[in-house]
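# Topology and contacts: notes
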Amino acid sequence: MQKLTQNIVAFSLRNTMIIFFMTAVLAVVGIVSYINTPIEAFPDVTNTRARIITQWPGRSAEEIEKFITLPVMKEMNTIPKKSEVRSISLFGLSVVTVLFEDKVEDFYAQQYASTRLRNIDLPKGAEAEIEPPYGATGEIFRYVLKSDKPIKELTALQEWVIERELVAVPGVANVASFGGEEKIYEVRVNPALLAQYKLTPLDVYEAVEKSNINVGGDVIQKGDQAYVVRGVGLLESTHDIENILISVKGSTPVHVKQVAEVTITAKPRLGQVGLGEDKDLVEGIVVMLRGENPSEVIVKLKKTIDELNNRILPDDVKIVPVIDRTELVNSTVDTVTHNLAEGIVLVSVIVFIFLFNWRTTVTVALVIPLSFLFAITMLRIQGLPANLISLGAIDFGLLLEGTMVIVEKIYVDLEKSSLRLGVERFNKMSKLGLMKRSVKHVASHIFFAQIILIVALLPIFSFQKVEGKMFTPLAFTLGYALVGSLILSLTFVPAMCKVLLKRDIKETSNPVVNFFRNNIFKLYLWSDRNKKLVLTGFVALFLLCVGKFMTYGTEFIPKLNEGAIYVRATLPNSINLEQSVKTGNALRDTLRSFQEVKFVMSQTGRPNDGTDPTGFFNNEFHIQLKAENQWERPIKKDELLREMKEVLASFPGITFGFSQPIQDNVEEYVAGVKSSLVVKIFGNDLVDMESKADQVAENLQKVRGVSDVLVYRNIGIPELAIRLDEHGWRAMVFRWLTLRR
């Protein structure tokens, strides 16, 4: 190994221009890789999943569980490499989530789930779909529609125009709609008029259903042209529906308008969105495919939105961005760039103080950005995204160990030679042999020292699941940076020394080094004379550190400050949408009153496509904060959060949970519940389990450090169950048939 390192150094000293050319190539490739590497604010720690969302409007949670959720779970449990299958059944909605083992690709998961779904015989009226593949950090953009048009028209534009354009943007997985009203035509039958014409609601239903159809014909020829024959019968207006023929009584035709009123109305709403002073808006939530670069996708997305605003949508309808992940990504990039610049400056200052030479300082300082670019290039080749955790883990001290030793060894040997021969004679002599001998004594030791540091990262690669996805990119990034530093230490650093240290190496007196040298010897002598005192002091310091460590709090990973707060307000299960929206508006206005808040967006209920399974009792608030340097009051985010909790405590009967947007999504993706820590209780009696959950929550509330405890309620939604008397029903049908004859 010593011979290998010597040959590398010798080649670098003989072929300086080749080394500089390869270094320039590394810099260019590294910069290009840095620009094109996906940079995430937070690593995606989730496994691959397939989620089957089935909507069956008007059906109770019990029916959903029995006829949809259980059959779907049975089929999904047969999929190979699945690790867990979990579900939730709500009124009109079933969501079954299939989690897979590590390293399972999205295509595999989606294909198997789709194949198994074909084997399920769903009830009539139930519609199932598989959610597109995206991770917990896939939500990148939110927008609202601003216009004076009725909310029904905005909803139609969102579903039929905007969604179709945005999902076509490369990298976009899905666009979920929240809020608004879906327009429908409603036929309100009059029972008295039906009885007068001896008709039933079923007669009206069948007549309308059969009249709403297009039919295809053949091709007929007329002269030298061919005409395509088609029958157009789709209903397009209330007038068309009103004039549908139901039956002919004698010689009198009976139309829909004679027994019913046809109006334009909306489906029962599932949720409502508010922003600022606007209480009813249509919101779009854009999610990105797993592995895509959020910065690139958002640029393309904004381009499409500009086209929609300027060319496609009506002039009085505008798409207004509300939440843009670019801001957080840019903040992450700025943080990494700022840390890199600070590291280069700090290291340069320290090196200059101790080496007292600008040429050695430049040589050492250049290794930092070059090692960083080498790591980014390798990440790009491997296809790994970068994030704040992995990039922030690069330790400049570790990167410069080999460089510092080589530069100092060469400089000291050259300084001794200059002192022995004289500066004039030293400038004329060849220094390649001296540099080669200088590096020879330390190169192999540097090589093995760096290898030991790289090997120390190997246990991290054995991590699995959440911890593996969290820290494996960190290990790769730091490992690649150490490899780059090692390569540069044996190639670029000797070449730089050959170019910069070939003349005018003089002995200089370094006051900083002299100060430390003199005082360190004095400290050593004093310690030697006072051995008991020194040992006692170190033992006391060690015990103090052990005591502090035992009582010091720990966490899995530091929380990323997303610049936003996510509040979840859980109301009683029995609340209706209107009252829940009213309460949500009051809460939103309260949260907006804080000076540090930029805007507050509220979401009541669930989105129209069922991607967030919840009910009217759920209110969520995205509180976007101003930049902390714009805050007028001298408080921190934790203090602001505490003030919000105190103010919201004045709303009775509501349980609040506080988090951050990305953190909230990650926690739900991993555990299936939107919380940092979750206690799950299993059993056969929902009432008994909920009672046990209340007891657990009561005890957890007493634990020091616990701020929010929320019990997820399964019971409490009132139900009006109509059970028919079979014998009475048969008698009534018989009398009705007799009268009709």
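Here is a short report on the structure shown in this document. Quick caveat, the model's predicted, so the values are computed rather than measured. Starting from 1, residues in each chain are numbered consecutively following that chain's sequence as written. Local features in a predicted model are, by the rule used here, given only for residues with pLDDT of at least 70; side-chain atom pairs are given and counted only at 80 or more, and totals for whole chains, interfaces and linings are based on all residues. No hydrogens and no water enter the side-chain calculation; it runs on all heavy atoms of the structure.

On to the overall build of the chain, then. Helix numbering and strand numbering both begin at the N terminus, where a helix is a DSSP run of H or I of at least 4 residues and a strand a DSSP run of E of at least 2. Counting secondary structure elements, the chain contains 26 helices and 22 strands. Relative to the 2.2 N^0.38 estimate, which gives 27 Å for 741 residues, the radius of gyration of the chain is 36 Å and therefore markedly larger than a compact globule would have. Dimensions of the chain, computed from C-alpha atoms along their principal axes, come out at roughly 130 × 80 × 55 Å. Of all intrachain contacts in the chain linking residues separated by at least 6 positions in sequence, the fraction that spans at least 24 positions is 77%. The Shrake-Rupley method, run with a 1.4 Å probe sphere, supplies the accessible areas, and residue values consider only the shown protein chains as cover. With the model as given, the accessible surface of the chain reaches about 41500 Å², and the carbon-plus-sulfur share is 59%. Computed over 84 positive and 83 negative side-chain charges, the inter-centroid distance for the chain is 9 Å. Every radius of gyration here is taken over C-alpha atoms, with the globule rule written as 2.2 Å times N^0.38, N being the number of residues. By the convention used here, residues are in contact when the closest approach between their heavy atoms is within 4.5 Å. We score Asp and Glu as negative and Lys and Arg as positive, and we do not count His or the chain ends. For this purpose, a charge sits on NZ of Lys, CZ of Arg, CG of Asp or CD of Glu.

Only buried Ala, Val, Leu, Ile, Met, Phe, Trp, Tyr and Cys residues count toward a nonpolar core, and they belong to the same one when joined by side-chain atoms within 4.5 Å. Using a 1.4 Å probe on the protein chains alone, a residue whose accessible area is under 20% of its type maximum counts as buried, one over 50% counts as exposed, and one in between counts as partly exposed. With 67 residues, the main nonpolar core has Phe372, Ile406, Ile410, Leu414 and Leu501 as its most contacted residues. In terms of residues, this core owes the most to one element, helix H18 (residues 465–490), which gives 11 residues. Among all residues touching Ile410, those that are not within four sequence positions of it are Met435, Ser438, Val439, Cys497 and Leu501.

By the convention used here, strands pair only if DSSP detects at least 2 bridges between them. Across the sheet, which stays open at both edges, the 6 strands sit in the order S15-S14-S20-S21-S19-S22 with antiparallel pairing between neighbours. The sheet is open, and its two edges are formed by strand S15 (278–281) and strand S22 (655–659), each paired on a single side. Averaged over all neighbouring strand pairs, the angle between strand axes comes to 20°, with direction disregarded. As paired strands, strand S14 (residues 271–275) and strand S20 (residues 597–605) are joined by 5 bridges and run antiparallel to one another. Paired with Val273 across the strands is Gln603, a residue of S20. Across the sheet, helix H24 (residues 661–671) is in contact with strand S19 (564–570), strand S21 (618–625) and S22; its angle to S19 comes to roughly 55°. Between N-to-C directions, angles span 0 to 180 degrees; the directions come from axes that are lines fitted to C-alpha atoms, helices contributing only their stretch in contact.

A surface patch of nonpolar side chains, amounting to about 530 Å² of accessible area, comprises Phe11, Ile18, Phe21, Met22, Val25 and Val29. For the nonpolar patch, the leading source of residues is helix H2 (residues 16–36), giving 5 residues. The topology assignment puts Met22 in helix H2. A residue counts toward a patch only above 30% relative accessible area and without a salt bridge, and it is joined to like-charged neighbours within 9 Å or, for Val, Leu, Ile, Met, Phe, Trp and Tyr, to nonpolar neighbours within 5 Å. Only one rule defines a salt bridge in this text: a Lys or Arg side-chain nitrogen within 4 Å of an Asp or Glu carboxyl oxygen.

Scanning the model with the defined rule gives 24 salt bridges in all. Residue Glu84 pairs with Arg86 through a salt bridge whose shortest N-O separation is 3.7 Å. Taking relative accessible area as the criterion, Glu84 reaches 31% and is therefore assigned partly exposed. With a relative accessible area of 14%, Arg86 lands in the buried category. With its nearest N and O atoms 3.0 Å apart, the salt bridge here joins Arg568 to Asp664. Pair noted here: Arg568 is in strand S19 and Asp664 is in helix H24, with a separation of 96 residues, a long-range link. Each member of the pair, Arg568 as well as Asp664, is classed as buried. Taken together, the salt bridges that share partners define one network made up of Lys152, Glu181, Arg269 and Asp280.

For the rest of this paragraph, the subject is the side chain of Thr604. Locating Thr604 in the fold gives a position in strand S20. Within the structure, the side chain of Thr604 is placed 2.6 Å from the side chain of Asn619, a separation counted as a polar contact. Ignoring anything within four residues of it in the chain, the contact list for Thr604 reads Phe178, Leu270, Gly271, Gln272, Leu577, Ser580, Val581, Phe616, Asn618 and Asn619. Residues adjacent in sequence count toward polar contacts only when both atoms are side-chain atoms; beyond that, a polar contact is any pair of N or O atoms within 3.5 Å, and within protein one must be able to donate a hydrogen and the other to accept it.

By secondary structure assignment, the location of Thr263 is in strand S13 (residues 260–266). Other than its neighbours up to four places away in sequence, Thr263 contacts Ile184, Tyr185, Glu186 and Arg188.

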